[in-house]
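# Summary of structural features
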Amino acid sequence: MRIVIKIGTSTLTYSTGRINIRRVEKLCKVISDIKNAGNEVILVSSGAIGMGVGKLALEGKPDDIPTKQAAAAVGQCELMYIYDREFSDYNHTIAQVLITNSDINIPDNHTNFQNTVGKLLDFGAIPIINENDTVSTEEIEIGDNDTLGAIVAVSINADLLIILSDIDGLYTKDPRTNNDAYLLTVVEEINDDIVAMGKGKGSALGTGGMRTKLNAASIAVDEGIDTIIANGKDPDILYDILQGKTVGTKFVGKKVN
Ligand code: GLU
């Protein structure tokens, strides 16, 4: 299987912006194992701004674009350094791929992107994709990595998109404020009722919340790609997903010819 795994800032870091070492170590171990089993894995990883906040000892996620971009430039290095170190332990090679909206929308750029990722997969490497935050401005930005994950999954014909977050999946209401909220395990169609369930904000250092995850799921399922939103706090959940166990919320890909 060709699997795109989107990892959110809240899965990689503590709220301080400092890396959650135990979790990241385990995540890289499980992903390496999934790859050893014969799957192709592409990571779409957030965390650049979050880790930059930690490394520069900023007080919180910055509001202005230049500071966000500076934090991303610092944090992206740290992020790739950590991935490189961890995946090397399991003999896997990683590759950094930073893109902006124009790399998807301009046909030549898009072809180059697809060719590069295709070649990396042929080489057995793990492409780790993020938005090129240092040059992205509002006009050209994809904006959030949930959407980026879906765009990447479509662009490289993935079989499965997994969005790991700090929430178990899609709840009928915001579970942080409603005791009667329950988790939906399968969504066959993303209709208005489903969209209404996804209102609400994300975590302090991340970007999306459930709204962008639903948007991502809808981009992917429209192209026939099953999408799972699941909690990344225990990376073993990736094994459960691949074994077809009921975890998180599964959005069923539409039948496309
Ligand atoms: N590209 C941003 C980062 O690496 C993340 C965007 C998002 O979390 O959706 O910090």
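Here's what I pulled together on the structure shown here.

Cut-offs applied
Residues numbered from 1 in each chain as written. Predicted model: local features only at pLDDT ≥ 70, side-chain atom pairs only at ≥ 80, totals over all residues. Heavy atoms only, no water. Pairing = 2+ DSSP bridges. Helix = DSSP H or I, 4+ residues; strand = E, 2+ residues; numbered from the N terminus. Contact = heavy atoms within 4.5 Å. Axes fitted to C-alpha atoms, helices over the stretch in contact; angles between N-to-C directions. Near = heavy atom within 4 Å. Polar contact = N/O pair within 3.5 Å; in protein donor to acceptor, adjacent residues only side chain to side chain. Areas by Shrake-Rupley, 256 points an atom, 1.4 Å probe, with all protein chains shown as cover. 1 Å grid on protein atoms, 1.4 Å probe; cavity = no way out; pocket = protein on both sides within 12 Å on 5 of 7 lines; lining within 4 Å. Points joined across faces, edges and corners; volume = space filled by probe spheres on them. Nonpolar A, V, L, I, M, F, W, Y, C, P; charged D, E, K, R; others polar. Salt bridge = Lys/Arg side-chain N within 4 Å of Asp/Glu carboxyl O. Buried < 20%, exposed > 50% of the residue type's maximum accessible area, 1.4 Å probe, protein only.

### Looking at the sheet that holds strand S6 (residues 186–187)
One key point about sheets: their strands pair by backbone hydrogen bonds, in either a parallel or an antiparallel sense. Within the open sheet, the eight strands sit side by side as S3-S4-S2-S1-S5-S7-S8-S6. Their pairing is mixed. With one partner strand each, in any of the chains shown, strand S3 (94–99) and S6 form the two edges of the open sheet. In terms of strand pairing, strand S2 (residues 40–45) meets strand S4 (residues 126–131) through two bridges, oriented parallel. Note on S4: the bridge partner recorded for Leu 43 is Ile 128. Across the sheet, helix H6 (residues 107–122) lies against strand S1 (2–7), S2, S3 and S4, angled at about 150° from S4, the strand it touches most.

### Examining the site of the ligand
Among the nine residues in the neighbourhood of the ligand, the closest are listed as Ala 48, Ile 49, Asn 130, Asp 133 and Asn 145. One of the backbone nitrogen or oxygen atoms of Ala 48 is found 3.0 Å away from an oxygen atom of the ligand. Within the contact set of the ligand, a nitrogen atom lies 2.8 Å away from a side-chain nitrogen or oxygen of Asp 133. In the complex, 95% of the free accessible area of the ligand, which totals 300 Å², lies under the protein chains.

### Brief notes about the layout of surface pockets
Computed from the structure, the second largest pocket encloses a volume of approximately 170 Å³. Lining the second largest pocket are Leu 160, Thr 185, Val 186, Asp 226, Ile 228, Ile 241, Gly 244, Lys 245, Thr 246, Val 247, Gly 248 and Lys 250. Residues of the lining of the second largest pocket, tallied by class, amount to five nonpolar, four polar and three charged.

### Here we look at the pattern of salt bridges
Under the definition given, this model contains eleven salt bridges. Across the salt bridge formed by Asp 146 and Lys 6, the nearest N and O atoms sit 2.9 Å from each other. One end of the pair, Asp 146, is in helix H7 (residues 145–155); the other, Lys 6, is in strand S1, with 140 residues separating them in the sequence. You can call Lys 6 buried: its relative accessible area is 6%.

### Quick look at unusual backbone geometry
At Ala 57, a residue that is not glycine, the phi angle is positive and equals roughly 55°. Note on placement: Ala 57 falls in the loop between helix H3 (48–55) and helix H4 (65–88). Residue Asn 157 is not a glycine yet carries a positive backbone phi of 55°. Among the structural elements, Asn 157 can be located in the loop between H7 and strand S5 (160–165).

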